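Examining the three-dimensional arrangement
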Amino acid sequence: INGDLVGEEDTKHEVTGVWVGGSDSKFSSETKEKRVLWRRSHPLYVPTTIQLLELLANAEIYYKLRDQSGVAYASNFEYTLNRRHCGGMWTLEVSTQAPLYKKALAMSIKAISSMRFNDVDLLSAKAYLLDDYFAKRADPAFWVEMMRDLQDDAVARDTRCINEYEKFVKSITLSDLYDVWGSFNTSPSQILSSTALSGEFPPEDAL
């Protein structure tokens, strides 16, 4: 994943229609441009934005698959950041009953490819991250874990930047979320899926 300030080949997501690659972050104000540059060149930009995206995506997918449609009883969206190279992989694990797995799979792909974010949910996710930060910042293991995400060879080695975590979390905008989310390649045609059954297999005509 690479959060660039301005992309030379900006494109729209085929489902959401949101500009990715930088277009959503082009401001006419010089002050805003400097703020965007500060955030997106900061070593915490990618890992912190991904933390927020995981919270938001998990809440949205869980609501759509379990509470709204009832096709699944558990789901977990997770992004694995490669700590030495610029990139990573996201996964969505969904648990459901065997007769519902086809519907659950189809709705999972639809949910992940049409993901949208709003300011209210972003504020809630920020509050969760900061509550966790305040509760754990006295624990040395918390800071070690945070520094693990700064091992990318392209990231500056000045680890003092983690002292700006609180300020940085508060500075993240919807534009930043879409900037990083656009790098996840969530277009339906690009999503790879697999299914696995456990326990007693139902009749074939039930699947």
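These remarks concern the structure in this document. Predicted, not measured: the structure shown is a model, and the values here were computed from it. (Residues numbered from 1 in each chain as written. Predicted model: local features only at pLDDT ≥ 70, side-chain atom pairs only at ≥ 80, totals over all residues. Heavy atoms only, no water.)

This paragraph deals with the nonpolar core. Judged by nonpolar contacts, the single largest core of 41 residues is most densely connected at I61, F77, I112, F117, L177, W181 and F184. Of all the secondary-structure elements, those providing two or more residues to this core are α2 (45-68), β3 (74-81), α3 (101-113), α4 (119-136), α5 (140-148), α6 (165-171) and α7 (174-181). The greatest single-element share of this core, amounting to nine residues, is contributed by α2. Sequence-distant contacts of F77, defined by excluding residues within four places in its chain, comprise E54, A57, N58, I61, W90, T91, L92, I112, W181 and F184. (Core = buried A, V, L, I, M, F, W, Y, C linked by side-chain atoms within 4.5 Å. Buried < 20%, exposed > 50% of the residue type's maximum accessible area, 1.4 Å probe, protein only. Helix = DSSP H or I, 4+ residues; strand = E, 2+ residues; numbered from the N terminus. Contact = heavy atoms within 4.5 Å.)

Before going further, it helps to spend a moment on α4. Look at α4: 26 Å from first C-alpha to last across 18 residues, which is about the 26 Å you get at 1.5 Å a residue. Buried residues of α4: L122, A125, K126, L129, L130 and Y133, and no others. Relative to the axis of α4, the buried residues are bounded by an arc of 130 degrees and lie together on one face. More than 90 degrees from the buried face of α4, the exposed residues found are V120, L123, Y128, D131 and A135. Looking at the buried side of α4, the elements it contacts are α2, α5, α6 and α7. (Expected span 1.5 Å × (residues − 1). Arc of directions from axis to C-beta.)

The next subject is the pattern of salt bridges. What the rule picks out here adds up to six salt bridges. For D179, the salt bridge is made with R40, and the minimal N-O distance between the two is 3.4 Å. With D179 in helix α7 and R40 in helix α1 (residues 30-40), the pair connects residues that are 139 residues apart, well separated along the chain. With respect to burial, D179 and R40 carry one shared label: buried. Three or more residues are tied together by salt bridges with common partners; here these are R39, R40, D176 and D179. (Salt bridge = Lys/Arg side-chain N within 4 Å of Asp/Glu carboxyl O.)

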